[in-house]
Amino acid sequence: MASSWTEVAVAKKEDRRELVLHGTDISKRIDEKGLDTSIFNLVHLNFLEITKTTLKTVPTDVEKLVNLTSLVLHTNALEEVPSAMGALKKLKLLDLSGNKLQSLPDEVCTLRELQTLNVRCNSLTSLPNVKGLVLLHILDVSNNQLDLLPDDISSTELQHLSQILAKANHLQEIPSDFHELPALKTLDVSDNRLQEIPAEMSLCAKLKELNFKENKLKDRRLMKLMEQCHTRSVIDYLEKQYKKENEKRGVSTKGAKSKKKKGKGSKEVDEVAKNLMEVLHFTKTGATVTITENVLEVRPHILCCIVRDLHFEKSLNIFKRFISLQTKLHEDIGQKRQAATIATHDLASLKFPLTYDARPPLRMKLVPLMKVKEVTADSLVTKLRQEAEEQRKEKKRNQLSGIHKYLDLLKDKPLYPCLVDGEDTVISFPPITNCEKTKISKSTKDILIEVTSSISLDICKKVLDQLLQLMLEMGLGTAKPEGQDEASADEQKVPEKLIVEQVKILNAEGNMKDVYPSRTDLQSDSYEINRDYE
């Protein structure tokens, strides 16, 4: 029987491996006649996305899609998912976020290939046992109504579980045996009902990010350390508490994880000179970015900073490594640009002040990166969509490369976001492209870094923190001493230095909205930080 939906018919005809359905048009079809069940005859699919619709249930026929590796059903109206989902044994990603789920079938936790389970922003009051998810890397249960985490969340069988995100629930306690998870790097239990944080958390060997803000802890000192956004200090404090508790019980902590390693002559490794991040305070002549009212409904979050005295010419491939670094951050912490987008600009080419605006696609003009001709944003996006469709036909799949795969982030947007300089020239069109005018090169010395997001300001800060730290470690801010080759410089282990200057973000009335880096940004034990205003 022929499919009633064009997208499904085309996918079948071209034997595609991916199918994406979302938006108001799909919702109307679902409301009128229900989901097209012909989808479940596409047995070769390995990626299925149905998002931002009024879909309330998933048909049990989903069990036919045995080759699925990714099933994305976020931002619908799902009230339940069938136990038949347990038949999807190849599934690696399951995204059920932003629905109305109150429970999950036990069968979901039998998917032994699953690496990411995202059920944030639902109404879950409990979770099935997760012990069977032996390859799970990320568990996101944020913004639900959970009183407890699953009993087996700390099972030693969860060897790969590195992120547990459980903020904005009703958690009253967290397991004291989280340290049994060998790969745990991130634990977010902020905005819950916790009164204590187990001192055993200090035994987590790889823990880098611990967030328990917005809880009413009995230990005020611990809460203050958390508010300062310094995980290292929190863990050190918990370690001391752990030792005190065991001393009271007469238990030796000799075998506990030591935080400080000693080298020859009993000198601590901490005594070795660290890299330096030098932060310059905003001055009266400093750089500002004004956010207009228009962009608040489109892509509301932006942070910027200036990095000075860079040395892209210090080695043959360091410039290429820097560009690759941005790409990697887009894929990882930026969640394939879904969460955040980075843009870099040659400071010498900029005219301040800058304005972060949103404009009609037909009126917004720019010269895209690596182009010479000015075009409208509308014509650029139209051309990119045509190229994307040609790629789909050629490759017989939905997965695209380059900027084409970010086009859906602009779908149904009446205005497009843009960063404009003091001459009203568009210098950035996030999340699609930078502009040719401010393109950086190997000879660039000072840059402006721009990070935008449609999700939160916090993700902008995390991206900038990570990018600056990696730039510091890469050695971009320190020139190789004249006449010295790279090998000898490396042998001497000369500390690196990166100079970062604050940029203020202003609201439409000209009042300060944000500044980066602030006193609470750039908190890491991997480098020293010198703020010239302290």
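Coordinates for the structure precede this section.
In this text the structure is predicted, and so the values were computed from the model without any measurement.

Chemist: Before we move on, can you summarise the sheet that holds strand β2 (residues 47–51) with the specific residues and values?
Modeler: Sheet strands pair via backbone hydrogen bonds, and the direction of the pair is either parallel or antiparallel. Sheet architecture is open: 9 strands sit in the order β1-β2-β3-β4-β5-β6-β7-β8-β9, paired in parallel fashion. Of all the strands in the sheet, the pair left with one neighbour each is β1 (18–22) and β9 (209–211). Looking at each pair of strands side by side, their axes are set apart by 5 degrees on average, direction ignored. Across 3 bridges, the pairing between strand β7 (residues 163–165) and strand β8 (residues 186–188) is parallel. Across the sheet, residue I164 finds its bridge partner in β8, namely L187.

Chemist: Residue-level account of the nonpolar core, with values.
Modeler: Within soluble globular proteins, side chains that are nonpolar tend to cluster in buried spots. In this structure, F178 and F212 are the most contacted members of the largest nonpolar core, which totals 73 residues. Of all the secondary structure elements, the ones that give two or more residues to this core are α1 (6–13), β1, α2 (24–33), β2, α3 (220–227) and α4 (231–249). When neighbours within four sequence positions are excluded, F178 is seen to be in contact with L149, I153, S154, I164, L184, L187, M201 and C204. Formed by 52 residues, the second largest nonpolar core is a distinct cluster that contains L303, I318, F322 and L522.

Chemist: Outline α3, supporting the account with residue identities and numerical values.
Modeler: Buried within α3 we find L222, M223, L225 and M226. Buried residues in α3, looked at end-on, bunch into an arc of 160 degrees, giving them a common side. For α3, the exposed residues set more than 90 degrees away from the buried face come down to R220 and E227. One side-chain oxygen of the residue at the start of α3 lies 3.1 Å from the amide nitrogen of R221, identifying that residue as D219.

Chemist: Please provide a residue-by-residue account of helix α7 (residues 457–474), values included.
Modeler: Over its 18 residues, α7 runs 26 Å from end to end, which matches the ideal 26 Å to within 8%, given 1.5 Å per residue. Listed in full, the buried residues belonging to α7 are I459, C460, V463, L464, L467, L468, Q469, M471, L472 and M474. Of the residues flanking the end of α7, it is G475, one or two places downstream, whose phi is positive at about 85 degrees.

Chemist: Summarise the packing of aromatic side chains; cite the residues concerned and give the values.
Modeler: Taken as a whole and assessed by the stated rule, the structure comprises 3 aromatic pairs. When the centroid spacing of 5.2 Å and the interplanar angle of 90 degrees are considered together, the rings of F312 and F319 count as edge-to-face. F319 carries the same exposure label as F312, and that label is buried. Between Y416 and F429 the ring centres are 5.4 Å apart and the planes differ by 25 degrees, which places this aromatic pair in the stacked class. Placement of Y416 in strand β17 (residues 416–420) and of F429 in strand β18 (residues 426–429) is noted, with a sequence separation of 13 residues between them. By relative accessible area, which is 0% here, F429 ends up buried. Chaining the aromatic ring pairs together yields one cluster made of F312, F319 and F322. Residue placement shows R29 over the ring face of W5; its charged tip is 5.1 Å from the ring centre.

Quick notes on the rules
- Residues numbered from 1 in each chain as written.
- Predicted model: local features only at pLDDT ≥ 70, side-chain atom pairs only at ≥ 80, totals over all residues.
- Heavy atoms only, no water.
- Pairing = 2+ DSSP bridges.
- Helix = DSSP H or I, 4+ residues; strand = E, 2+ residues; numbered from the N terminus.
- Axes fitted to C-alpha atoms, helices over the stretch in contact; angles between N-to-C directions.
- Core = buried A, V, L, I, M, F, W, Y, C linked by side-chain atoms within 4.5 Å.
- Buried < 20%, exposed > 50% of the residue type's maximum accessible area, 1.4 Å probe, protein only.
- Contact = heavy atoms within 4.5 Å.
- Arc of directions from axis to C-beta.
- Polar contact = N/O pair within 3.5 Å; in protein donor to acceptor, adjacent residues only side chain to side chain.
- Expected span 1.5 Å × (residues − 1).
- Phe/Tyr/Trp six-rings, centres within 6.5 Å; stacked < 30°, edge-to-face > 60°.
- Lys NZ or Arg CZ within 6 Å of the ring centre and 35° of its normal.

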